[in-house]
There are 2 protein chains.
Amino acid sequence: MAERTSESAAAAVDEARLWDRHMEMAKIGATPKGGVNRQALTPEDARARALLANWAQELGFTCAMDDIGSMYIRRPGTDADAAPVMTGSHTDSQPSGGRFDGIYGILGGLEALQAIEESGNATRRPIEVVNWTNEEASRFGSGCMGSQVYTDPAKLDGMLAMKDLEGVTIAEALAETRAAMPALAHRALKSPVAYFIEAHIEQGPELEATGNVIGVVTGIAGSRRFEIQVHGEDAHAGTTPRKRRKDAVRSAADMARALFELMDDPEDTVRFTIGRFMVTPNALAVVPGHVLFTIDFRHSEEEVLTRLGDQIEAVCQRNAGPCTVTMTETRRAPTKSFAGPVPDAILAATQRLGLAHMHIFSGAGHDARYMADLCPTGMIFVPCEKGISHNEAENAKASDLAAGARVIADTLIALANR
Amino acid sequence: MAERTSESAAAAVDEARLWDRHMEMAKIGATPKGGVNRQALTPEDARARALLANWAQELGFTCAMDDIGSMYIRRPGTDADAAPVMTGSHTDSQPSGGRFDGIYGILGGLEALQAIEESGNATRRPIEVVNWTNEEASRFGSGCMGSQVYTDPAKLDGMLAMKDLEGVTIAEALAETRAAMPALAHRALKSPVAYFIEAHIEQGPELEATGNVIGVVTGIAGSRRFEIQVHGEDAHAGTTPRKRRKDAVRSAADMARALFELMDDPEDTVRFTIGRFMVTPNALAVVPGHVLFTIDFRHSEEEVLTRLGDQIEAVCQRNAGPCTVTMTETRRAPTKSFAGPVPDAILAATQRLGLAHMHIFSGAGHDARYMADLCPTGMIFVPCEKGISHNEAENAKASDLAAGARVIADTLIALANR
């Protein structure tokens, strides 16, 4: 009886063990303010991956790695031909990231897998916990790289050639990561997956504000990313009259202000961020000749993404002053809905476990966005303190993390027996 | 007869040799766009220093170094007790600097010294060519460091402890520079100097526009430098509503715009530059929690420096939005006038040589500003193409550089026989 056994698995979830694994992981890349800096394919990320592989193997699970470095911890099913149910998220973090973003989806999944194992639940399908490579896009500019490549292997070569700001390619960084880890079996990209579930801290304030423990995620906001380059002319700060200057910082500041005004909607539903702003030569006494800044623009409605996003270039041109401007759209990801068997199973598990819950839309992008192109997909959110994330102060409650792991365990069993 | 001999020295100035030395120096730290990146106390600066010492020693001149790394090439006078006449400038450059800024004052001085030597002119006073350490302040934030410490040795310890953006101190960088050079005799700080002359490209458009070859510099604009820190809060770019954001880039852009407006004078006499602008964490998907930007503000009138400069902090506070702001004034240098025997001698030499000339005020700061506190001081400007400087495209004519070296030679002899 699936329901009885899934209850025993949920009961075997160990809150303290799950919390302790988070704290152990948080030592890797720990920052002075209590967060983590564990950017994709750095030595810190490699140490986190090695620790994860070690934990999995100690529990008797196998661990494999694919061509972009994503890791797959596997517990076999009773049907050798059945496609697995997969859950997981990412070990990499923002440069000033928190202790729960990403890693919770992996450690919650591992806790669920251990609880299923310890409660003696056999499932028809294998169950896997995945660690997707480079979700954050903080070191290498294209995020959700692992799930993008897994679901569309044609992207592999382009991704491997991508460079960080120091000119290191993904291929080089990945080779270093592999060298710093135990050897793992090879996993083929796009191997069939029956269902995908991603658990994550909400990274927003709604669950906490409404007193809910579980968010059943209905979809992910669409996003557009842009890179703006402002081309001016280096000049001496003490001698060059204003009328002869082509000051890239001045023009970029004008563009930024006009863009923030364009994006200020009274409903506060637009998410518009200039996250990176880099000046060349960045010297005290030189009128700066070049600025590169990035735009991250998200909304739940495609119409808004198109209408406002398509105005960005013209607003920059109008505010370029004596400089020139070039714009590149580096990514466009459409709004993604999760209706189907996975959110249904998550809702059923949440109800069985008697947890306070709500439906919720994700403003953040996640690997689930790409997995939804391959198989039925859904997400589970748990609260985080004050909604603060991508911040060293990010925090969550051990009891909420455990509640989420119980939902994962129950959902995994239900889907693995379908 | 001083005038006859000074004419023979001016005649011995070799235009091709002077140009070739510039081109030889420009190979050190050469950039792809034809400029140089030879920031203070880097390996490139050390190579430039070694080449300079080598040239000096091949010509039979001695070379010494003081406690902050400034170098002194010396030709003895006939009076062993007389204080020297000194000329020179700096080997260090901006990160995207040109081939003439700074180095011309040294190579023009060396050419003059060689011409004086070759023409058999004995002078009563010794003549020295100085290379001041870190004039540009591009790597280490306090410029004119060599002349500041020479004229006020109490500043030495503080300067030695200053760090670059990587945390390397001046003391450490200086030790590396010394290790990369032949050993030089020690020169005591604040040893008496009778007169100081600094030759430099104009770094502005006036000489070229008026068809003059020599600018007799009347003074240097006052300057104030500020560092502004904007403190916000890192947050997730996809989930954080605008009303909850403390976006340091947004606030800094508002401050920058308001400051540019404050400084926009119709006469275009204010020189206001935001040269450095650094964002933390500078990641695509994180609302940035911190910005540091620098202000370089110059004017020829103290009243304007005070009136406008004193408004900077309040303008930043008014535009801080949800962020907080802290301001530090990192330097204030008053307007400096050069009236006295040195500009008189430069003018007389220019007239003797029959060169088209004008009086000119310097918007750029120079080591001459600090030397003027120690001894009678003056400056010689030569034209640079389109006034472009602090830029890899910086250019000058060989004939103008040679004309300037003739003025240096004539002026040095006149002052060294006073």
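Residues numbered from 1 in each chain as written. Chains lettered and ligands numbered in written order. Predicted model: local features only at pLDDT ≥ 70, side-chain atom pairs only at ≥ 80, totals over all residues. Heavy atoms only, no water.

### Re the packing of aromatic side chains
- According to the stated counting rule, one finds 15 aromatic pairs over all chains in the structure shown.
- For the ring pair Phe260 of chain A and Phe272 of chain A, a centre distance of 5.5 Å and an interplane angle of 90 degrees mean the geometry is edge-to-face. Separated by twelve residues along the polypeptide, Phe260 of chain A in helix α9 (residues 248-263) and Phe272 of chain A in strand β10 (residues 271-273) bring together distant segments of the chain.
- A ring pair is formed by Tyr72 of chain B and Trp132 of chain B, whose centres lie 6.0 Å apart and whose planes are at 90 degrees; its orientation type is edge-to-face. With a gap of 60 residues between them, Tyr72 of chain B in strand β2 (residues 71-75) and Trp132 of chain B in the loop between β4 (127-131) and α5 (145-151) connect regions that are remote in the sequence.
- Judged by relative accessible area, Tyr72 of chain B falls into the buried class, the value being 1%.
- Residue classification places Trp132 of chain B among the buried residues on the basis of a relative accessible area of 0%.
- Here a set of aromatic residues connected by ring pairs shows up, and it is made of Tyr72, Trp132, Tyr150 and Phe196 of chain A.
- Sitting over the face of the ring of Trp55 of chain A, Arg21 of chain A holds its NZ or CZ atom 5.4 Å from the ring centroid. (Phe/Tyr/Trp six-rings, centres within 6.5 Å; stacked < 30°, edge-to-face > 60°. Helix = DSSP H or I, 4+ residues; strand = E, 2+ residues; numbered from the N terminus. Buried < 20%, exposed > 50% of the residue type's maximum accessible area, 1.4 Å probe, protein only. Lys NZ or Arg CZ within 6 Å of the ring centre and 35° of its normal.)

### Brief notes about the environment of Thr377 of chain A
All names here are of chain A.
- Following the sequence through the fold, Thr377 ends up in strand β17 (residues 377-382).
- Remark: the alpha-carbon pair of Thr377 and Ser337, spanning 40 residues in sequence, is separated by 9.3 Å.
- Of note is the side chain of Thr377, whose polar atom sits 3.4 Å from the backbone oxygen of Met371.
- A distance of 2.9 Å separates a polar side-chain atom of Thr377 from the backbone oxygen of Cys375. (Polar contact = N/O pair within 3.5 Å; in protein donor to acceptor, adjacent residues only side chain to side chain.)

### Topic: the relation of the copies chain A and chain B
- Rotating chain A by 180 degrees about the axis while translating it 0.0 Å along that axis superimposes it on chain B, leaving an RMSD of 0.0 Å. Read as a symmetry element, the transformation amounts to a two-fold axis. Scanning chain A for the C-alpha nearest the rotation axis identifies Ala253 of chain A, at a separation of 2.4 Å.
- A share of 100% of the interface residues of chain A reappears at the interface of chain B, consistent with the copies meeting face to face through the same patch. (Least-squares fit on C-alpha atoms with pLDDT ≥ 70 in both. Contact = heavy atoms within 4.5 Å.)

### Remarks on the layout of surface pockets
- As a volume, the largest pocket reaches approximately 560 Å³.
- In terms of lining residues, the largest pocket is bounded by 24 residues, among which Val279, Pro281 and Asn282 of chain A together with Leu165 and Met278 of chain B are the most central.
- Looking at the lining of the largest pocket residue by residue, the classes come out as twelve nonpolar, eight polar and four charged. (1 Å grid on protein atoms, 1.4 Å probe; cavity = no way out; pocket = protein on both sides within 12 Å on 5 of 7 lines; lining within 4 Å. Points joined across faces, edges and corners; volume = space filled by probe spheres on them. Nonpolar A, V, L, I, M, F, W, Y, C, P; charged D, E, K, R; others polar.)

### Topic: the interface of chain A and chain B
- Counting residues at the interface gives 63 residues for chain A and 65 residues for chain B.
- Between chain A and chain B the total buried area reaches about 5700 Å² when both faces are included, carbon and sulfur atoms providing 50% of it.
- The three residues of chain A that bury the most area against chain B are His236, Arg257 and Leu284 of chain A, which together make up 13% of that side's buried surface.
- At the boundary of chain A and chain B, one finds twelve salt bridges.
- The shortest N-O distance in the salt bridge between Asp264 of chain B and Arg250 of chain A comes to 2.7 Å.
- The interface formed by chain A and chain B contains 36 residue pairs in polar contact (both at pLDDT 80 or more). (Buried area = accessible area lost by both parts, 1.4 Å probe. Salt bridge = Lys/Arg side-chain N within 4 Å of Asp/Glu carboxyl O.)

### A look at the nonpolar core
- Counting residues in hydrophobic clusters, the biggest one holds 62 residues, and the most contacted among them are Phe272, Phe293 and Ile295 of chain A together with Phe272, Phe293 and Ile295 of chain B.
- Non-local contacts of Ile295 of chain A, meaning those with residues more than four positions away in its chain, are made with Arg224, Arg225, Phe226, Ile228, Leu259, Phe272, Thr273, Ile274 and Ile312 of chain A.
- Formed by 61 residues, the second largest nonpolar core is a distinct cluster that contains Met71, Leu113, Ala396 and Val407 of chain A. (Core = buried A, V, L, I, M, F, W, Y, C linked by side-chain atoms within 4.5 Å.)

### Topic: the confidence of the model for chain A
- Taken residue by residue, chain A gives an average pLDDT of 95. The fraction at 70 or more is 99%.
- Confidence estimates for the predicted assembly give a pTM of 0.76 and an ipTM of 0.77. (pLDDT = per-residue confidence, 0-100.)

### Some remarks on the state of the cysteines
Residue and element names in this part refer to chain A.
- For the structure on display, the rule yields zero disulfides over all chains.
- A disulfide-free cysteine, Cys375 has its sulfur positioned 14 Å from the sulfur of Cys144, the nearest such atom.
- Under the relative-accessibility criterion, Cys375 is labelled buried at 6%. (Disulfide = S-S within 2.5 Å.)

### Some remarks on the packing of helix α2 (residues 15-26) of chain B against helix α14 (residues 398-416) of chain B
Residues and elements named next belong to chain B.
- It is the contact of α2 with α14, at a shortest axis distance of 9 Å, that shows an interaxial angle of 110 degrees. With respect to α14, the element α2 is oriented roughly perpendicular. Between α2 and α14, the contacting residues are Glu15, Leu18, Trp19 and His22 on the first element and Ala398, Ser399, Leu401, Ala402 and Ala405 on the second.
- Looking at the contact of α2 with α14, its residues break down into six nonpolar, two polar and one charged. (Axes fitted to C-alpha atoms, helices over the stretch in contact; angles between N-to-C directions. Parallel < 35°, antiparallel > 145°, perpendicular 65-115°, else oblique.)

### Section: the packing of α2 of chain B against helix α4 (residues 103-118) of chain B
Residues and elements named next belong to chain B.
- Two numbers describe how α2 lies on α4: the axes approach to 10 Å, and their chain directions differ by 140 degrees. Relative to α4, the element α2 is oriented oblique. Once α2 is placed against α4, the crossing between them reads as right-handed. Contact residues: Arg17, Leu18, Arg21, His22 and Met25 in α2; Ile103, Tyr104, Leu107, Gly108, Leu110, Glu111, Gln114 and Glu118 in α4.
- For the contact of α2 with α4, the class distribution of residues is six nonpolar, three polar and four charged. (Left-handed = near helix turned anticlockwise from the far one by under 90°.)

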